[in-house]
Amino acid sequence: QKYYNIAIDGPAGAGKSTIAKLVAKELKFIYVDTGAMYRAIGLFAARNGINTEKETELGEAVQKADIQLKYEDGGQQVYLNGENVTEHIRTEEAGKMASAVGKVKAVREKMVELQKKIAESSNVIMDGRDIGTVVLPFADLKVYLTAESKVRAERRYKELTEKGISCNIEEIEKDIVARDYQDMNREVSPLKKAEDAVALDCSYMSIDEVAAAIISLYKKAV
Ligand code: C5P
C-alpha cells in the first residue's frame, strides 16, 4: 500500500504546526510534529544535567531516552521514557534546548529513524527542519514555509500573551533569529529549502489561505 507524505519545513514560528494541523484534518492525515521530539530530548538533557556541547556524552545519553509519539483524538502526545511531556515542552526555553541537541548527529539519526517509520505506515503531514531534505526525500509534496521574522515574532508574542505568559516582543524576535541561525548553520542536516520544495512566504496570508494553498498544491501533485 502506498502512503502519502507531505513535508513542511521552515524557520521557527512560521506557522508550520498550525497550518499542518488544519491540512491534516482536511485530508485525514496524521500530523507529525518532529520539533516536539527534539524538544523532548532537550528536556531529557536538561533534567539529566547533560552539557549539550559535549556531543559524545549527549550521543550516549540519548540512547537512554525513549521517545514515543501517540495519536489521540487527532492530537500528538509525546512520551519521554513513559511520561507524557507534551505540555512541558512548549516553552521558549525548550525550543532553545531542542535546537542545541538537534546539532548532534546521534540525536538526529535516532529521531529520523523513528520519523521514517511513522511515515511508512500512515498518510502523514510532517513538519520540521529536515523533512524534505532528509526524512522524506520522496514526499509527494514539499513546502518551505517562511514569514518575515518581525511577523513571526508578533505571532509568537500574541500566542504567549493569550496564554497569560508575559514576554517581550524584541526578545522573542532576537531568540527566533538566533535559533534560525543555529538551525541553518549546523553541520548535520541544516535547515534549508529542498530543491524540489515549493517556497511559500505566508507573512501576509491568513492561516486558512495558507492551508488552502497547500491542499491545492497537494491535489495537483498526486
Ligand atoms: O519546530 P520547533 O520549534 O518545535 O523545533 C524546535 C527545534 O528543534 C528547532 O529549532 C530545531 O533546532 C529542532 N528541529 C530539528 N529538526 C526537526 C525539527 C526540529 O532540528 N525536524
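What counts, and where the lines are drawn
Residues numbered from 1 in each chain as written. Predicted model: local features only at pLDDT ≥ 70, side-chain atom pairs only at ≥ 80, totals over all residues. Helix = DSSP H or I, 4+ residues; strand = E, 2+ residues; numbered from the N terminus. Buried ≥ 20, exposed ≤ 12 C-beta atoms within 10 Å, placed from the backbone. Contact = placed C-beta atoms within 7 Å. Pairing = 2+ DSSP bridges. Axes fitted to C-alpha atoms, helices over the stretch in contact; angles between N-to-C directions. Near = placed C-beta within 6 Å. Nonpolar A, V, L, I, M, F, W, Y, C, P; charged D, E, K, R; others polar. UniProt positions renumbered as here; feature names shortened; annotations may be inferred.

The subject of this paragraph is the overall build of the chain. The helix and strand inventory of the chain stands at nine helices and eight strands. By its C-alpha atoms, the chain is 50 × 45 × 35 Å across when sized along the principal axes. Counting across all 222 residues of the chain, residues that qualify as buried make up 41%. Sequence separation of at least 24 residues holds for 75% of the intrachain contacts in the chain that already meet a minimum separation of 6.

Taken in spatial order, the three strands of this open sheet run β3-β4-β5, and their pairing is antiparallel. Strand pairing shows two members of the sheet lacking a second neighbour, β3 (67–72) and β5 (83–84), which therefore form its edges. As judged from the six bridges shared by β3 and strand β4 (residues 75–80), these two strands associate in the antiparallel manner. From the neighbouring strand, Glu72 faces β4, where its bridge partner is Gly75. Contacting β3 and β4, helix α2 (residues 35–47) crosses the sheet at an angle of about 25° to β4.

What follows concerns the sheet that holds strand β8 (residues 198–201). Strand order in the open sheet formed by five strands is β2-β6-β1-β7-β8, with parallel pairing between adjacent strands. For this open sheet the edge positions go to β2 (30–33) and β8, each flanked by a neighbour on one side alone. The sheet shows a mean angle of 20° between the axes of neighbouring strands, direction not considered. In the sheet, β2 pairs with strand β6 (residues 124–128) via four bridges, with the strands oriented parallel. Residue Val32 lies in a different strand from β6, and its bridge partner there is Met126.

The immediate surroundings of the ligand are formed by 15 residues, with Gly35, Ala98, Ser99, Gly102 and Gly128 found nearest. Within the residue set of the shell around the ligand, elements represented by two or more residues are α2, α4 (92–101) and α8 (169–185). A class-by-class count of the residues in the shell around the ligand yields four nonpolar, six polar and five charged.

For the rest of this paragraph, the subject is the UniProt feature "coiled-coil region" (unreviewed entry) in the chain. Listed under "coiled-coil region" (unreviewed entry) in the UniProt record, and renumbered for this structure, are residues 97–124. Along residues 97–124 the backbone is 79% helical and 4% strand, and the end-to-end C-alpha distance reaches 26 Å.

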